[in-house]
Amino acid sequence: MDLTYTEEEEAFRARLREWLAEVLPKVPPKPAAADWPGRRAYDAAWQRMLYDAGYAGLHWPVDAGGQGATPTQHLIYLEESEKAGAPYVGANFVGLLHAGPTIAAEGSAAQRARWLPPILRGDEIWCQGFSEPDAGSDLASLRTKAVRDGDDYVVSGSKIWTSHAEVADWCELLVRTDPEAPRHRGISWLAMPMDAPGVTVRPLRTLAGSAEFAEVFLDEVRVPAAHRVGAEHDGWRVTMVTLSFERGTAFVGEVVACRRVLGALARTARANGRWDDAVLRRRLGRLHAEFAALWRLTQWNVSEAQSIGGVPGSGGSVFKLRYSHARQELYDAAAEVLGAESLDADREWVADRLSALSYTIAAGTSQIQQNIVAERILGLPKGR
Amino acid sequence: MTGPVHFQLTDDQRALRDGTRELLVGRHDRDRLRGRGLPCSWGSPRSWGSPRSWGSPRSNEVESGGEVESGGEVESGGEAESGGGVESSGEVDDPALDRALWRELGDAGFFALRLPEAAGGVGLGLPEAVLVFEEAGRALLPGPLVAGQLLAGVVDGVAAGERIAGLCDAAADPVLWEHPAGCDEVVFLGEGTRGARGRTGEAYRSAAADVTCAPFASVDPLTPLARVTGRSRSTPLALDVPRLRREAALLTAAQQLGSAARTVEMAVAHARRREQFGAPIGSFQAVKHLCAQMLVRAELARSAVYAAAVTDDALDVAGAKLLADEAAVRNARDCVQVHGGMGFTWEADVHLHLKRAWLRAECWGTAREAEEALADALPG
Ligand SMILES: Cc1cc2nc3c(=O)[nH]c(=O)nc-3n(C[C@H](O)[C@H](O)[C@H](O)COP(=O)(O)OP(=O)(O)OC[C@H]3O[C@@H](n4cnc5c(N)ncnc54)[C@H](O)[C@@H]3O)c2cc1C
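The shown structure was predicted, so the numbers you read here are calculated from the model rather than taken from an experiment.

Cut-offs and rules
Residues numbered from 1 in each chain as written. Chains lettered and ligands numbered in written order. Predicted model: local features only at pLDDT ≥ 70, side-chain atom pairs only at ≥ 80, totals over all residues. Heavy atoms only, no water. Domains from an automatic or database assignment. Helix = DSSP H or I, 4+ residues; strand = E, 2+ residues; numbered from the N terminus. Expected span 1.5 Å × (residues − 1). Buried < 20%, exposed > 50% of the residue type's maximum accessible area, 1.4 Å probe, protein only. Contact = heavy atoms within 4.5 Å. Buried area = accessible area lost by both parts, 1.4 Å probe. Salt bridge = Lys/Arg side-chain N within 4 Å of Asp/Glu carboxyl O. Polar contact = N/O pair within 3.5 Å; in protein donor to acceptor, adjacent residues only side chain to side chain. UniProt positions renumbered as here; feature names shortened; annotations may be inferred. Disulfide = S-S within 2.5 Å. Core = buried A, V, L, I, M, F, W, Y, C linked by side-chain atoms within 4.5 Å. Near = heavy atom within 4 Å. Areas by Shrake-Rupley, 256 points an atom, 1.4 Å probe, with all protein chains shown as cover. Pairing = 2+ DSSP bridges. Axes fitted to C-alpha atoms, helices over the stretch in contact; angles between N-to-C directions.

1. Things to note about the domain arrangement of chain A
Right, so step 1: In terms of domain boundaries, chain A breaks down into domain 1 (7–88), domain 2 (127–233) and domain 3 (251–377).
Right, so step 2: The C-alpha-based centres of domain 1 of chain A and domain 2 of chain A are spaced at 30 Å.

What follows is the structure in structure tokens.
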């Protein structure tokens, strides 16, 4: 057990810090939350800067145009970027963390050449069309159907909760190609252009006020069969491959950010007198321990991924269960520090308190994560 | 994917953990545990497990002690003969402490683990000690283990397991002494320096017979306690008290982690076996989710405890103890819940985990102290 970094890793960190210090002043101001074209341009410009400096697709394999960095280097990258206040991955999330890695692992040479470089350069934005109105936690029950017609699939159905759909160029789409087969065996993975005729995007307003996701209606949309990644009906497996790219690093930046927020909460509470409340103080002390431990758990999971060759253990579910809860507690504590000021929706912590509510829902609800932990790690029987 | 693997157990550390587990399973199994310090023959439903006649601790000791002399005897050492300081208790012996096993632990290097090889030790570090203590916590091994580890090399005979020393937090109120009747000597830490994190305190050493105590009915049947009321003679010791307190907290946290991990296994094993409504209760989500949360608590505590063992930082240790205490206590309670009525019996081991967890949570840093220290350390 060791928590020191190698010389090589420290050198990587130093180079990165230097670069961040040099380039961050040149990043334009952040656009307003509702300014979607502005947000897209901002996220794309940052990705381009990463690309030009050789940091794009850091954790992607080299033969996919990535840097082939180790999980630890990726961790360092995310930690340092957050500490330096660099922009988030933003609208490039699906491209860099889901669709891109899927194509890298399962796509043909032509598909890789077509889709990967624009993702790395920030030229094309992807969204993820998995969830449907009637298929959320039970994703494998999805019904959007794709019927083969010559060189195309004709796709009809609807997707929901599609983040960044409004600005995306492409959608990684799960469709049912064989309605007769067992649920997991009749699904295919398609790359669908968002400007294809028959695609209608209807933004949905979240409880935080902004339109972060959308409904996507598909009415006989023609998608070339050449846009199918992996074999026909094999889309479920193809999708699951993507998950192995995440390697426990998904929330690195956020944990760093939460620890900073905790410090700011303490400063505010000391200034406004609420620090005298022992209950609040102890609550902040406990959160300090929680986030410190979540950081260690991240390091543990990343080290594990590195030692077993890049595939994450089931530690991801354990982490997500605790982290999503701790994040909500952090912003509840923030509300206590703010008192009635916590009713001011323009305050940063108030918006974050609202958006924290999605953490126990998105990417597998806490209940589903608990089922996963109980069944896959603890070996408890499936059932109701 | 190549590159160094930082925060994982090394092969040697895995081997140490597995070896310790084997040693404790072989020498300290459930029946032995229950034969000691559990003065009970009531309340065991006949329908599960054959009715056991709880032998007196002494007969049990002879039976299992085998090749070594029976447990009650103390090696020479005059004044320490029987730790007779407990005023009212008629008992001379400590039913929970097995001197033969203690010596075996000594032989195995349990106490001398971190002493340099030149001094007859094993020459390992804090992370290894933490792994070993995690196993001890898992097995509910009774005895002043933290004292043994910290006083090896300080008090003669402790490293080899020949003499048993206790370690008391003299800054606490009340000052509690674990296994008073089993100890030959006691070291008191940090009188008068209460709450001073990082400040140098004082350490005193007393023969067990020179310590006066009032009885204290320990909630943990395997950890007898006495309330220290005074010392007639004591010698000052030149020890790094903040370091000892930090390590005592960390090793206690490691035991809590072991207990927390063990109760997850116990709950899961029961949930798979026990059937109701025609299905294993572990197939019901309400039960499943209790078990999943138990694992989450144990794993979060694990990364905190292991990291604190690597950094040896006071704040990391405080946070690790806080989370490990919580994991041990709450997991034991959930484990009771998963066991249903059986969980509420004396016969099931679960209550032993809960009671020990409560006891350890009060030792070497409470939740209140840790939370205040951690809050205090927030920037600004
Ligand atoms: C902010 C945000 C962004 C998202 N972005 C995307 C995206 O870009 N692309 C995409 O495809 N999807 C996206 N999603 C969708 C997300 O994956 C789903 O919301 C999630 O999987 C839950 O599905 P659901 O909303 O249909 O809820 P349901 O599955 O209907 O769940 C409702 C409740 O029932 C519980 N429940 C359901 N099944 C079980 C069970 N077996 N056991 C116990 N409890 C159960 C759930 O835990 C939950 O509490 C996003 C969601 C959010 C909140």
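Having put the structure on the table, let's press on.
2. Brief notes about helix α10 (residues 350–361) of chain B
Residues and elements named next belong to chain B.
Right, so step 1: Between its terminal C-alpha atoms α10 stretches 17 Å, which fits the 16 Å expected from 12 residues at 1.5 Å a residue.
Right, so step 2: Along α10, 11 of the 12 residues are buried, which leaves the element largely enclosed by surrounding structure.
Right, so step 3: Within the sequence span of α10, burial applies to Val350, His351, Leu352, His353, Leu354, Lys355, Arg356, Ala357, Leu359, Arg360 and Ala361.

3. What to know about the interface of chain A and chain B
Right, so step 1: Contacts between the two partners involve 56 residues from chain A, matched on the other side by 55 residues from chain B.
Right, so step 2: Across the interface of chain A and chain B, roughly 4,900 Å² is buried in total on both sides, 64% from carbon and sulfur atoms.
Right, so step 3: Of all residues in chain A, Met1(A), Arg282(A) and Trp300(A) bury the most surface against chain B, accounting for 17% of the area lost on that side.
Right, so step 4: Remark: the boundary between chain A and chain B carries 7 salt bridges.
Right, so step 5: The partner of Arg281(A) in a salt bridge is Glu372(B), and the shortest N-O contact between them spans 2.7 Å.
Right, so step 6: Put simply, chain A and chain B have 23 residue pairs in polar contact (both at pLDDT 80 or more) between them.

4. Comments concerning the UniProt feature "domain: Acyl-CoA dehydrogenase/oxidase N-terminal" (unreviewed entry) in chain A
Right, so step 1: The positions UniProt marks with the feature "domain: Acyl-CoA dehydrogenase/oxidase N-terminal" (unreviewed entry) are residues 6–123 of chain A.
Right, so step 2: As annotated, residues 6–123 of chain A comprises 64% helix and 0% strand, and the C-alpha atoms at either end are separated by 35 Å.

5. Thoughts on the state of the cysteines
Should the sulfur atoms of two cysteines be covalently bonded, the bond is a disulfide.
Residues and elements named next belong to chain B.
Right, so step 1: Overall, the coordinates contain 0 disulfides over all chains when judged by the stated rule.
Right, so step 2: Unpaired in terms of disulfides, Cys213 finds its nearest cysteine sulfur in Cys168, a separation of 8.0 Å.
Right, so step 3: A relative accessible area of 0% places Cys213 in the buried class.
Right, so step 4: Cys335 takes part in no disulfide bond, and the closest cysteine sulfur to it belongs to Cys291, at a distance of 8.3 Å.
Right, so step 5: Relative accessible area serves as the criterion here: at 0%, Cys335 is assigned to the buried category.

6. So, the nonpolar core
Right, so step 1: Ranked by internal contacts, the top residues of the largest apolar core, which has 162 residues, are Leu265(A), Phe291(A), Val305(B) and Tyr306(B).
Right, so step 2: Not counting the four nearest positions on each side in its chain, Leu265(A) is found in contact with Leu284(A), Leu330(A), Ala333(A), Ala334(A), Val337(A) and Trp349(A).
Right, so step 3: Ala135(A), Leu174(A), Ile187(A) and Val238(A) belong to the second-largest nonpolar core, a separate cluster that totals 26 residues.

7. A short note on the site of the ligand
Right, so step 1: Not every one of the 18 residues close to the ligand is listed here, only the nearest: Ser131(A), Ser137(A), Trp161(A), Thr365(A) and Gln285(B).
Right, so step 2: Phe130(A) places a polar main-chain atom, nitrogen or oxygen, 3.1 Å from an oxygen atom of the ligand.
Right, so step 3: Ser131(A) is positioned such that a nitrogen or oxygen atom in its backbone is 2.8 Å from an oxygen atom of the ligand.
Right, so step 4: Protein burial of the ligand: of its 960 Å² of free accessible surface, 65% is covered by the chains.
Right, so step 5: The set of elements that each furnish at least two residues to the shell around the ligand consists of β3 (152–163) and α11 (366–377) of chain A.
Right, so step 6: A domain split of the shell around the ligand shows at least three residues from each of domain 2 (127–233) and domain 3 (251–377) of chain A.

8. Remarks on the sheet that holds strand β3 (residues 185–189) of chain B
Residues and elements named next belong to chain B.
Right, so step 1: Spatial strand order, β1-β3-β4-β7: 4 strands in an open sheet with mixed pairing. Every interior strand has two partners, whereas the edge strands, β1 (165–169) and β7 (235–237), have only one. With strand direction ignored, the average angle separating the axes of adjacent strands in the sheet is 30°.
Right, so step 2: For strand β4 (residues 203–207) and β7, the ladder comprises 3 bridges, and the chain directions are antiparallel.

9. Here's the deal with unusual backbone geometry
Right, so step 1: With omega at 5°, the peptide bond leading from Asp173(B) into Pro174(B) counts as cis.
Right, so step 2: One non-glycine residue with positive phi stands out, namely His233(A), at about 70°.
Right, so step 3: Within the secondary structure, His233(A) sits in the loop between β8 (228–229) and α6 (235–243).
Right, so step 4: Of the residues examined, His233(A) reaches a relative accessible area of 26% and is grouped as partly exposed.
Right, so step 5: For Trp364(B), which is not glycine, the phi torsion reads 55° and is therefore positive.
Right, so step 6: Locating Trp364(B) in the fold gives a position in the loop between α10 and α11 (367–376).
Right, so step 7: Accessibility expressed as a relative area gives 12% for Trp364(B), which makes it buried.

10. Comments concerning the environment of Tyr42(A)
All names here are of chain A.
Right, so step 1: Mapped onto the elements, Tyr42 comes out in helix α2 (residues 36–53).
Right, so step 2: Look at Tyr42 and you get buried, because its relative accessible area is 13%.
Right, so step 3: Not counting chain neighbours up to four residues away, the residues in contact with Tyr42 comprise Val27, Pro28, Pro29, Lys30, Pro31 and Pro87.

11. Thoughts on the UniProt feature "domain: Acyl-CoA dehydrogenase/oxidase C-terminal" (unreviewed entry) in chain B
Right, so step 1: Under the present numbering, the feature "domain: Acyl-CoA dehydrogenase/oxidase C-terminal" (unreviewed entry) in UniProt falls on residues 250–357 of chain B.
Right, so step 2: Annotation note: span residues 250–357 of chain B, helix share 79%, strand share 4%, distance between end C-alpha atoms 14 Å.

12. A word on helix α3 (residues 71–84) of chain A
Residue and element names in this part refer to chain A.
Right, so step 1: Here α3 is 14 residues long and its end C-alpha atoms lie 20 Å apart, about the 20 Å a rise of 1.5 Å per residue gives.
Right, so step 2: Burial of α3 is extensive: 11 of the 14 residues sit out of reach of the surface.
Right, so step 3: For α3, the complete set of buried residues consists of Pro71, Thr72, Gln73, His74, Leu75, Ile76, Tyr77, Glu79, Glu80, Ser81 and Glu82.
Right, so step 4: Elements in contact with the buried residues of α3: α1 (7–23), α2, α7 (252–272) and α8 (278–307).
Right, so step 5: Gly85 occupies a position one or two residues after α3 and carries a positive phi of about 80°.

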